[in-house]
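Descriptive structure summary
So you can see what is in the structure, the chains are spelled out below.
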Amino acid sequence: FSRFIARPCALRLGLQGNGPRRAQPNSILEKVFTSITKCPDGKHLEGLSKQLDWDARKIQRWFRQRRNQDKPSLVTKFSESMWRFIFYSYIFSYGVWFLWSTPWLWDTRQCWYNYPYQPLTLGLYYYYIQELAFYWSLMFSQFTDIKRKDFLLMFIHHLAAVSLISFSYVNNMARVGTLVLCLHDSADSLLEAAKMTNYAKYQRLCDTFFMLFGLMFVITRLVIYPTWVLNTTLFESWELIGPYPSWWLFNGILLILQVLHIIWSWLIIRVAYRSLTKGKVCLLLCPSWRMWGNFKMIFLCLALLASSILVF
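Residues numbered from 1 in each chain as written. Predicted model: local features only at pLDDT ≥ 70, side-chain atom pairs only at ≥ 80, totals over all residues. Heavy atoms only, no water.

1. Structural notes on the overall build of the chain
Along its length, the chain carries 13 helices and zero strands. Put simply, the chain runs from its N terminus to its C terminus through helices and strands in the order α-α-α-α-α-α-α-α-α-α-α-α-α. When burial is assessed residue by residue, the chain has 45% of its 312 residues classed as buried. For the chain, the computed accessible surface area is about 17500 Å², with 64% contributed by carbon and sulfur atoms. (Helix = DSSP H or I, 4+ residues; strand = E, 2+ residues; numbered from the N terminus. Buried < 20%, exposed > 50% of the residue type's maximum accessible area, 1.4 Å probe, protein only. Areas by Shrake-Rupley, 256 points an atom, 1.4 Å probe, with all protein chains shown as cover.)

Right, dumping it as structure tokens:
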């Protein structure tokens with residue numbers, strides 16, 4: 001997909017495919033870069049300057065180029081976002097198509113009738129297996145893609161996502177699980193579209209996609225999620241079947257997720273507000289997204305730990 005579809009699209013939009021300028025080969029500086037420090041201080045600069053007979057500014061320039069050399073090019077970033085945009089658009093469309101004919105979409109009490117002895121339909125199985133396969137693919141592709149600074153955090157994220165999807169599947173919570181999955185897939189494609197247009201330097205289109213993403217995110221996470229999902233997992237399930245063994249953990253994770261929804265919504269609203277005053281959403285998106293990722297990592301690590309404790 002990246003080679004034959006995404007890359008040609010990126011090059012046609014004018015993105016540079018060669019990446020940052022490569023640093024001049026130097027075995028001494030390369031050894032310092034890989035084994036000692038990537039950002040040398042004054043003491044290291046002075047020693048290297050005497051050893052190589054280079055001035056400090058030239059050495060700093062070499063280290064800056066060497067650091068940039070490991071960063072993925074805009075074409076690589078665009079290709080990754082385009083692949084995720086295609087998948088998120090597809091899986092959300094598939095989820096809506098599948099759920100439209102299910103009784104629990106229109107009456108969430110159907111999630112708990114005859115629980116846990118509910119049949120696993122073919123459509124439900126395909127929905128779960130596609131979501132699970134996607135996160136498995138993200139986990140394995142990290143080892144072949146360009147290694148980034150957040151490698152460990154993203155690996156934990158994908159591992160936690162796989163564990164949580166598997167946890168709901170083996171506990172036969174697949175009906176309510178499909179509601180959660182579809183709800184959370186609804187805004188992801190808009191975010192990837194905002195990233196793609198940002199890389200392509202279409203600022204107004206980027207701002208539009210991000211505003212749509214923020215609106216979709218706030219509506220689904222702060223309105224539909226608590227009134228639709230939490231209502232059935234907390235109250236309707238208690239009324240119909242009582243607290244089953246994993247009820248406390250399951251609802252605990254969903255409640256923590258709701259707290260994070262509030263935090264993430266606040267970050268999105270803050271970015272949108274700042275964009276109205278400065279006029280550039282996507283340039284403000286990157287630092288706030290790193291903060292978003294930190295909160296997400298905390299939740300997923302806790303959820304993975306709780307799931308492991310329950311299994312053991």
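2. Remarks on the pattern of salt bridges
Enumeration according to the criterion identifies three salt bridges in this entry. Where Glu46 meets Lys50, a salt bridge forms, and the shortest distance between an N and an O atom there is 3.6 Å. One end of the pair is Glu46 and the other is Lys50, both in helix α3 (residues 42-52) and four residues apart, which spans about a single turn. The salt bridge involving Arg109 is made with Glu239; its shortest N-O contact spans 3.5 Å. With Arg109 in the loop between α6 (103-106) and α7 (122-141) and Glu239 in helix α11 (residues 203-240), this pair connects stretches of sequence that are 130 residues apart. (Salt bridge = Lys/Arg side-chain N within 4 Å of Asp/Glu carboxyl O.)

3. Looking at a nonpolar patch on the surface
Together, Leu120, Leu122, Tyr125, Tyr126, Ile129, Tyr169 and Val170 make up an exposed nonpolar region whose accessible area comes to about 660 Å². Those elements giving two or more residues to the nonpolar patch turn out to be α7 and α8 (151-170). With four residues, α7 is the single largest residue contributor to the nonpolar patch. Within the secondary structure layout, Leu122 lies in helix α7. (Patch = residues over 30% accessible without salt bridge, like charges linked within 9 Å, V, L, I, M, F, W, Y side chains within 5 Å.)

4. Quick notes on the environment of His261
Position of His261 among the secondary structure elements: in helix α12 (residues 247-278). Residue class for His261 comes out buried when judged on its relative accessible area of 0%. The sequence separation of His261 and Phe217 amounts to 44 residues, and the corresponding C-alpha distance is 8.7 Å. If sequence neighbours within four positions are ignored, His261 has contacts with His184, Phe217, Arg221, Leu222 and Tyr225. (Contact = heavy atoms within 4.5 Å.)

5. A word on the packing of aromatic side chains
Under the criterion given, the structure shown has 24 aromatic pairs. Taking 3.9 Å as the distance between ring centres and 10° as the angle between the ring planes, the aromatic pair formed by Phe87 and Phe134 counts as stacked. Of this pair, Phe87 sits in helix α5 (residues 74-100) while Phe134 sits in helix α7; the two residues are 47 residues apart in sequence, bridging distant segments of the chain. Owing to a relative accessible area of 9%, Phe87 belongs among the buried residues under this scheme. (Phe/Tyr/Trp six-rings, centres within 6.5 Å; stacked < 30°, edge-to-face > 60°.)

6. Side note on helix α2 (residues 27-35)
The complete set of buried residues in α2 reads Leu29, Val32 and Phe33. Here the buried residues of α2 occupy an arc of 100° about the axis, which is enough to place them on one side. Projecting away from the buried face of α2 at angles above 90 degrees are the exposed residues Ser27, Lys31, Thr34 and Ser35. Elements that come into contact with the buried residues of α2 comprise α3 and α4 (56-69). Put simply, Asn26 is the residue that caps the front of α2, since its side-chain oxygen is 3.1 Å from the backbone nitrogen of Ile28. (Arc of directions from axis to C-beta. Polar contact = N/O pair within 3.5 Å; in protein donor to acceptor, adjacent residues only side chain to side chain.)

No statement about biological role is implied by the geometric values presented.
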